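Secondary and tertiary structure notes
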Amino acid sequence: MNWAYWNPVKIRFGTGVLDEVAGLIGKRRWALVTYDQPIFRELSERLAKAAGAPVVTINNIETNPDCADLVESCRQFGAAVTEPPEVIVALGGGSMIDAAKVLAASDGDFETVRRHLVEKRPLDEGTIIPIIAVPTTAGTGSEVTSWATVWDSVNGSKYSLAHPRLYPETAVLDPALTIGAPRGLTLATGLDALSHALESIWNVNGNPVSANYAVEAAREIIDTLPRLLERPGDVELRARQMRASLLAGLAFSNTKTALAHNISYDITLKSGTIHGIACSFSLPIVMRWAMGAQPQCDAALRRVFGPDLEAGGRAARRLSQGPRRRNRPRGVWRLGR
C-alpha cells in the first residue's frame, strides 16, 4: 500500500493562546474577518489593542458563506485600502474561516473566485494571502484544511474552493473561545467533526496517519460530546472536544469527506438544515455499507466501536433511530457506546 500524508499548518493549542495572535501577525498589515456580534466585537478590540488596528474588517458573513454575500465582502476587501493586507485573521466558526479563504484567493474581486469555481480557471497562487485561523467552534476543521465551502443559494449549488496555498499559515485553537457556544451549535459542530472522523476511516484516500487521527477523534467525540451537552461551561470538556475536532480535521485534510457529506449538501440547500445535523443522518447506514469492504477500514472501526462490527452497526442504527430528546431533530445520533 503506497500512501502519503502532508499538512503544513502550524498549530497552537491551549487556553489563552488567543493572546499569541498579535505576535503571529508581527509587523504585517492585517485584515480581520469576523462576525458583527457583541462578543466578536469585544474580541476584535482585544486583538486590535495588541496588534494594532486591522487595515480592513470584513464582518458581513453569515453561516454558510453565500456567493451573494461574498461578492460584497470581496469588494470591501479590495477597495478599503491602497495597500493590500499581508495576512488575514479569521476569527469565528468554520463559515468565517471559509470566507477568509475566499477573500485570500480573490485578489479583491469575487469574480476571480467565481471563474475558478465555475469555469475551472486556475488561481494566481502568487496573490493568495496567508491566513491565521482562530476557530470559535469545534467541528469544521477548516483551520487545518486547504478548502472552503461556497454556497450559491440562488442557483441551488455548492462549490469547494481548494488550493494548497489556502491551508492556513497557523491555527490558533483556544478552547475558552468555545465556552459560549449554544447547545444546538455545540451539538451540530460536534456531529460535523464526528462525520469528518468516520468518513476519513472509510475513505478511499485513507492512510495510516489519517486513520490514527480519525480513530482518536471519533473515540473522543463519542465519549465527550454527550457530557459537554450537559455541562457546556466545562472548559476541560470544551478542550477535549476542540482537540478531537482538530484531529478529525487533520484526518480529512488528506482524505476529503465522503458520501454522508455529499448527501448533506442538498439537505442543507433545500431545507436549511444546519450542516453538522445534515451530515449525521446517513452516517449509520454508510458505516454498514463500509463494513467488510477493506480490512484496514474494519480494523479502524473496531478501534472505535469494539471488536463486533455487526453489533457496532446495529448500535449505530439504534443511535440514529433512538428515542428523541426534547429539541433533538429526528435522526440525529444519540451518542454513546
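These notes cover the structure that comes with them. (Residues numbered from 1 in each chain as written. Predicted model: local features only at pLDDT ≥ 70, side-chain atom pairs only at ≥ 80, totals over all residues. Heavy atoms only, no water.)

**Thoughts on the packing of helix 3 (residues 67-79) against helix 4 (residues 94-106)**
Relative orientation of the contacting elements helix 3 and helix 4 amounts to 55°, with a least axis distance of 10 Å. In terms of axis orientation, helix 3 runs oblique to helix 4. When the axes of helix 3 and helix 4 are compared, the crossing they make is right-handed. Along its contact with helix 3, which presents Leu70, Ser73, Cys74 and Phe77, the element helix 4 presents Ala99, Val102, Leu103 and Ser106. When grouped by side-chain class, the residues that make up the contact of helix 3 with helix 4 number six nonpolar, two polar and no charged. (Axes fitted to C-alpha atoms, helices over the stretch in contact; angles between N-to-C directions. Helix = DSSP H or I, 4+ residues; strand = E, 2+ residues; numbered from the N terminus. Parallel < 35°, antiparallel > 145°, perpendicular 65-115°, else oblique. Left-handed = near helix turned anticlockwise from the far one by under 90°. Contact = heavy atoms within 4.5 Å. Nonpolar A, V, L, I, M, F, W, Y, C, P; charged D, E, K, R; others polar.)

**Focus on the side chain of Asn207**
Tracing the backbone through its elements, the reader meets Asn207 in the loop between helix 6 (183-201) and helix 7 (208-230). Within the local environment of Asn207, its side chain forms a polar contact with the backbone nitrogen of Ser210, the two atoms lying 2.9 Å apart. Once you skip the residues sitting within four places of it in the chain, Asn207 turns out to touch Met1, Trp3, Ala4, Tyr5 and Asn254. (Polar contact = N/O pair within 3.5 Å; in protein donor to acceptor, adjacent residues only side chain to side chain.)

**Regarding helix 5 (residues 110-119)**
What helix 5 keeps buried is the set Phe110, Val113, His116 and Leu117. Take helix 5 and look down its axis: the buried residues cluster within an arc of 125°, on one side only. Put simply, Asp109 is the residue that caps the front of helix 5, since its side-chain oxygen is 3.0 Å from the backbone nitrogen of Glu111. The first or second residue beyond helix 5 is Lys120, which carries a positive phi of 65°. (Buried < 20%, exposed > 50% of the residue type's maximum accessible area, 1.4 Å probe, protein only. Arc of directions from axis to C-beta.)

Any functional reading would require information that these geometric values do not contain.
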